[in-house]
Every structure is written in C-alpha cells, then in structure tokens.
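Okay, here's what each chain looks like letter by letter:
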Amino acid sequence: MLEVHFIKKLPEFTVSAEFSVNEEILVLSGPSGSGKTTVLDCLAGIQNPDSGVISLNGKTLFSSSSGINIHPSKRNMGYIFQDYALFQHLNIKDNISYGWHKPKKDQGELSPDKISALLKIDHLMERYPDQLSGGEKQRVAMARGLLSTPSLLLLDEPLSALDKSLRHSLRAELEQIHHNWKLPFVLVTHCNMEARLGNVILAADKTVNDRGKTLVSFQRNDNILESLGGKTLRLASSLN
Amino acid sequence: MDNFIEPILISLKIASLATILAFVIGTACARLMTRVNIPCKEAIETLLTLPMVLPPTVVGFGLLLLLGRNGPIGKVLAAIFNMQVVFTLWGAVIAAVVVAFPLVYINVRAGLEKVDVNQERAARTLGAGELKVFFTITLPLAWPGLVSGIVLAFTRSLGEFGATLMVAGSIPGQTQTIPMAVYFSVMNGETQEAMPLVTCVIVFSFFLLFWFNWWSRKMISTRR
C-alpha cells in the first residue's frame, strides 16, 4: 500500500496530495498545469516535497520530519513518462532489459522474451526508439517498466499521445496488466476517457485562500465519494 | 632517420597523455558545472576557458611561475615527490593539458546540456544509481560532444608550441615535439630535415579531419 501525505510548493501555486493506494488504479485528474506530474515526480523521488511523508508497503520513502529521502533507484516504482523517455542510444532489447535482473534460476518468472511476446513487441527488438510509432514506444515503455519488477506503476498521460483506435486497445491492455500483475497504478491524466480506467478518481481541487495563494489538492476522502456501479467516482467539476 | 621518428613519438606520447588527462578533468568539470549550483559560476568558467584565448607564451609564462622551482606547485611537487616538471616530458604534458582543457570542457558541456533529463530520470526509476546513470545513459547520449572534445584536444596538443617551449624547452629525445623540431630545423638552416616531418603532420591531420567531418555528418543524419 502506498501512503501519501505531502505539500509541494511550485512558483505559481502549492500542491497538496493526501491519499493511499491499494491494489487499484488511482487516477489523478485535472487540467494541464495543475501539478499532476509534480505529484508523480514526488512519488518517484525525481522532485522532493517541501514537507510530508511518502511510504510504500510500510517502508518510508520520504519524510521531511525525519530527513528520509530514498533515491529513485531504491523506491521500486515503475514510471511511464509522458514522452516515454526511451533510451535513444540503445535498441529495444537493451531498453527493456535495462532495469531487469536476470534471476539465478529460471523459475518461469518475467523475462524480456516473455514480456515482449505478451506486449507484441518481439519483432522490434533490434530497432531503435527513433524507428518506432507512438503505440510501439508506449508498449516498450510498459515492458521496460514492468521488467524492473516494481511494486507500483506511475503513468503520466499514458494514452494521450496516441490516436483513437490505438487508445482503445492499449487501454484494454493496461487494464489487463493491472489485473494480471495485481499491480497498483497511479495514473495522471487530463482526459476523461483515460480517467475512466481508474477505480478511484481524484480530481484536482483548486482553492484560493484569503491571502490570494492558490492551493491545488488531490485528496482521497472515501466518505464523500459517490458509489457508481462498483466504481467510486468524484467528478472533475470543481476546476471547470 | 632517428631524429625524424623521435619527435613524432614524443609528440604522440605528449598529445595522448594530455588528451586523456584533459578529457577526464574537462568532463568532470563540465558535469559539475551543469549540475551543481556554485557561486561565481560564470567567473570560474571564464577562468577555466581563459587558456584558449591567451597567447600560448603567456600561458607558458604563468605555468613557469607556478611549476618552477620557486613556484607554489613546483615547491609542493619537489617536497612530496622530489619531482621537477619544468623541462621534462611532464612539463610538456601539463602545458598541453592546460591549453587543450577548454576545448574538452566547452564541447563536453554542450554535449551534456543536450542530454534529455527524462532519460536519466527513467534510468533512475529503473534502479540505476547515479554512477550507472552517468556511464550508461548520460555519457553515451553526450557522445558527439565528447568526440569533438577529444579530437580537438588531441590536435591542439599535437600543435602546441608556445607554452610547451616555455615550460619544457626543446630537448632532442626528451621534449622536442614535431613543431619544435620543425622550427629549430628551419632556424638552423636545415629546411630539408623538416620536410618529412611536415609531410607527415599534414597527411595525418588531413585524415583525422576527414574522418571527423565524415563522422559528424553521419551522426547528424542518424540522430534526429
């Protein structure tokens, strides 16, 4: 379980995040520039919150009061970047194997061969990221992230760069992966179609205090969530 | 024949050592300057690249002051290693490092600045520590800048004359490099002696530059 409780000051406004994630897909939704990616960056350890606590499965990753700040490489979180951030100088096989540790004995676990077959990228192994389409890059980024055997996957607008028909098939694949791996997702999006992937949707809540300072908060409060056909939804209306 | 081969070997030795040293120090400084916020960054940077615009004899003069028997660095070297660098091969190497360093620094820095931060971040989230990120992602992505730096530093070291003459002199068989040998042959009226050396340098430089231009064109066409 991921537990998040922090504040991060940005030049224009302050972001506050307060939520926990179990084996589910948690969506942070809000317009561009509402600090969604900043929240993901703080979880991954790429940016540091100004104060607060982040813990994953009981291990504290960040704590401003006790001065804990675990390096991104030790946080065990996969991060699918919006631009995929594939390594330009490496071919696809080397890209997806980058974070993979070959097990001593083959116990039928994850391997680059298996995952590339699963994500239908096995014919691309010798190519370079430059030579791939958007959908292919997205699949490679997923394969690379999953092979590092993360305890949680962070996804930044995973489908928004793709065309409509691809979006639908990849959306289904994401749900499949989430289901099969029992892997919690934290997904960030400004698009409603993508947000519908989520079991829980946290909409950016923008408030301006009496001193004129803007606070954007992503807060999970299960008491006031409305139940909608098994999925709990909080509608993204507060910002519009 | 001996005095034809000797200056070439000495030049190659000095230029190779100087290129390696300038590359390591230049890359470390470039990395530090792109990542760390230090006060007076601009002033430090100007100081580091100053040898590029100074007349080589001025650089040589400064080095003599620092490295000479009574210079601050000279004293330390003498006290700890019982070592005297002025008028030795190491003096020539130091002179070449100082003049070649700015070329490495500027090119590597430009290369590092072009590296996509997100790819480095992705590597970190995949479990790579800072050293692994630097050697497997940052350096390979900055490769074009590194190669320009290495090639320019090497050719600059090979051609170095003024500072080297001041610091290392022109001792045949010890510190007499190609440019020195050419200059002193002509000065002594032995123009014919200089011919093979001059031809050698022109042919070598032609092929190096030819390869470098071909390589840069290839890099530009493969990287979008």
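Quick caveat: nothing in here was measured; it's all calculated off a predicted structure. (Residues numbered from 1 in each chain as written. Chains lettered and ligands numbered in written order. Predicted model: local features only at pLDDT ≥ 70, side-chain atom pairs only at ≥ 80, totals over all residues.)

### Details of the overall build of chain A
Our working rule: A helix here means a DSSP run of H or I that spans at least four residues, while a strand means a run of E at least two residues long, and both kinds are numbered starting from the N terminus. For the exposure call, what matters is how many other C-beta atoms sit within 10 Å of a residue's own: 20 or more marks it buried, 12 or fewer exposed, and in between partly exposed, using C-beta atoms placed from the backbone. Any pair of residues counts as being in contact when their C-beta atoms, constructed from backbone geometry, are within 7 Å of one another.
Scanning chain A from terminus to terminus reveals 6 helices and 14 strands. Looking at chain A as a whole, 40% of its 240 residues are labelled buried. Looking at chain A alone, contacts between residues at least 24 apart form 69% of all its contacts between residues at least 6 apart.

### Some points on the overall build of chain B
Counting its regular elements, chain B contains 11 helices and 0 strands. Ordering the α and β elements of chain B from the N terminus gives α-α-α-α-α-α-α-α-α-α-α. Taken over the C-alpha atoms alone, chain B extends approximately 65 × 45 × 30 Å along its principal axes. A burial count over chain B gives 35% of its 224 residues as buried.

### Re the pairing of strand 3 (residues 25-29) of chain A
Residues and elements named next belong to chain A. As a reminder of what qualifies: By the convention used here, strands pair only if DSSP detects at least 2 bridges between them.
Here strand 3 lies mainly inside the structure; 5 of its 5 residues are buried. The alternating pattern of strand 3 places Ile25, Val27 and Ser29 and Leu26 and Leu28 on opposite faces, both of which are buried. In terms of strand pairing, strand 3 meets strand 9 (residues 185-189) through 5 bridges, oriented parallel. By the bridge assignment for strand 9, Val27 is matched with Leu187.

### Brief notes about the interface of chain B and chain A
Definition in use: As a working rule, the residues Ala, Val, Leu, Ile, Met, Phe, Trp, Tyr, Cys and Pro are called nonpolar, Asp, Glu, Lys and Arg charged, and the rest polar, with Gly in that last group.
Facing 16 residues of chain B, the contacting portion of chain A comprises 18 residues. Taken together, the elements giving at least two residues each to the side of chain B that touches chain A come down to helix 6 (117-125) and helix 7 (130-141) of chain B. Considered class by class, the residues forming the side of chain B that touches chain A number 7 nonpolar, 5 polar and 4 charged.

### Focus: the pairing of strand 5 (residues 59-63) of chain A
Each regular strand shows side chains that alternate between the opposite faces of the sheet. All names here are of chain A. Sheet topology places strand 4 (residues 51-56) next to strand 5; 4 bridges connect them, and they run antiparallel. Bridging from a neighbouring strand, Val53 pairs with Ser63 of strand 5. Pairing geometry for strand 5 and strand 6 (residues 68-69), over 2 bridges, is antiparallel. Residue pairing across strands places Phe62 opposite Asn69, the latter belonging to strand 6. Counting the residues that bridge the hairpin from strand 5 to strand 6 gives 4 residues, and of these Gly67 lies at a positive phi of roughly 70°.

### Focus on the confidence of the model for chain B
Residue and element names in this part refer to chain B. Quick note on the threshold: Per residue, pLDDT measures the predictor's confidence, with a range of 0 to 100.
A residue-level look at chain B finds 98% of positions with pLDDT of 70 or above and a mean pLDDT of 91. Confidence, read as mean pLDDT per element, is least for helix 11 (residues 191-222) in chain B (87) and greatest for helix 6 (96). Scoring the predicted complex yields pTM 0.84 and, for the interface, ipTM 0.86.

### Section: the sheet that holds strand 1 (residues 2-9) of chain A
Taken together, 7 strands build an open sheet; the order of strands is 6-5-4-1-2-12-11 (chain A) and the sheet is mixed. Looking at which strands have only one partner, the edges of the open sheet turn out to be strand 6 and strand 11 (205-208) of chain A.

### Some details on the packing of helix 6 of chain B against helix 7 of chain B
Residues and elements named next belong to chain B. Basically, it comes down to this: Geometry is summarised by axes, namely lines fitted to C-alpha atoms with helices restricted to the contacting stretch, and by angles between N-to-C directions that run from 0 to 180 degrees. Note on angle classes: values under 35 degrees are labelled roughly parallel, values over 145 roughly antiparallel, values of 65 to 115 roughly perpendicular, and the remainder oblique. For any pair of crossing helices, the crossing counts as left-handed if the nearer helix is rotated counterclockwise from the farther one by less than a right angle, and right-handed if it is rotated clockwise.
At a closest axis distance of 10 Å, the pairing of helix 6 and helix 7 adopts a crossing angle of 160°. Classified by the interaxial angle, the pair formed by helix 6 and helix 7 is roughly antiparallel. The hand of the helix 6/helix 7 crossing is right-handed. From helix 6, Gln119, Glu120, Ala123 and Arg124 reach across to helix 7, where they touch Val133, Thr136, Ile137, Thr138 and Leu141. For the contact of helix 6 with helix 7, a count of residues per class yields 4 nonpolar, 3 polar and 2 charged.

### Regarding the confidence of the model for chain A
All names here are of chain A. Per-residue confidence for chain A gives a mean pLDDT of 86; residues scoring 70 or more make up 90%. Across chain A, helix 2 (residues 92-97) holds the top mean pLDDT of 96, while strand 13 (residues 226-228) sits lowest at 39. Below a pLDDT of 50 lies the segment residues 223-240, which in the model reaches 25 contacts outside its immediate sequence neighbourhood of four places, other chains included.

### Describing the nonpolar core
Rule in force here: Working definition: the nonpolar core is a set of buried Ala, Val, Leu, Ile, Met, Phe, Trp, Tyr and Cys residues, joined through C-beta atoms within 7 Å.
Counting residues in hydrophobic clusters, the biggest one holds 109 residues, and the most contacted among them are Val27(A), Leu43(A), Leu154(A), Val186(A), Ala95(B), Ala96(B) and Ala100(B). With 16 residues, helix 5 (residues 89-113) of chain B is the single largest residue contributor to this core. Excluding residues that lie within four positions of it along the chain, Val186(A) makes contacts with Val21(A), Leu26(A), Leu28(A), Leu40(A), Leu43(A), Leu152(A) and Leu154(A).

### Things to note about unusual backbone geometry
Residues and elements named next belong to chain A. Positive phi is not limited to glycine here, since Tyr84 has a value of about 70°. One can find Tyr84 in the loop between strand 7 (77-80) and helix 2. Residue Tyr84 is classed as buried on the basis of its C-beta count, with 24 C-beta atoms lying within 10 Å. Despite not being glycine, Glu157 shows a phi value in the positive range, around 45°. By C-beta crowding, Glu157 is classed as partly exposed, having 19 other C-beta atoms within 10 Å.

### Considerations on helix 7 of chain B
All names here are of chain B. We apply this condition: Helix span is expected to be 1.5 Å times the residue number reduced by one. Here the arc refers to the set of directions running from the helix axis out to each C-beta atom.
The end-to-end C-alpha separation of helix 7 is 15 Å, in line with the 16 Å expected for 12 residues at 1.5 Å each. Here helix 7 has its buried residues at Val133, Ile137, Thr138 and Leu141. Taken down its axis, helix 7 places every buried residue within 85° of arc, on the same side. Residues of helix 7 that are exposed and point over 90 degrees away from its buried face: Leu131 and Phe135. Along its buried surface, helix 7 packs onto helix 5, helix 6 and helix 8 (143-159).

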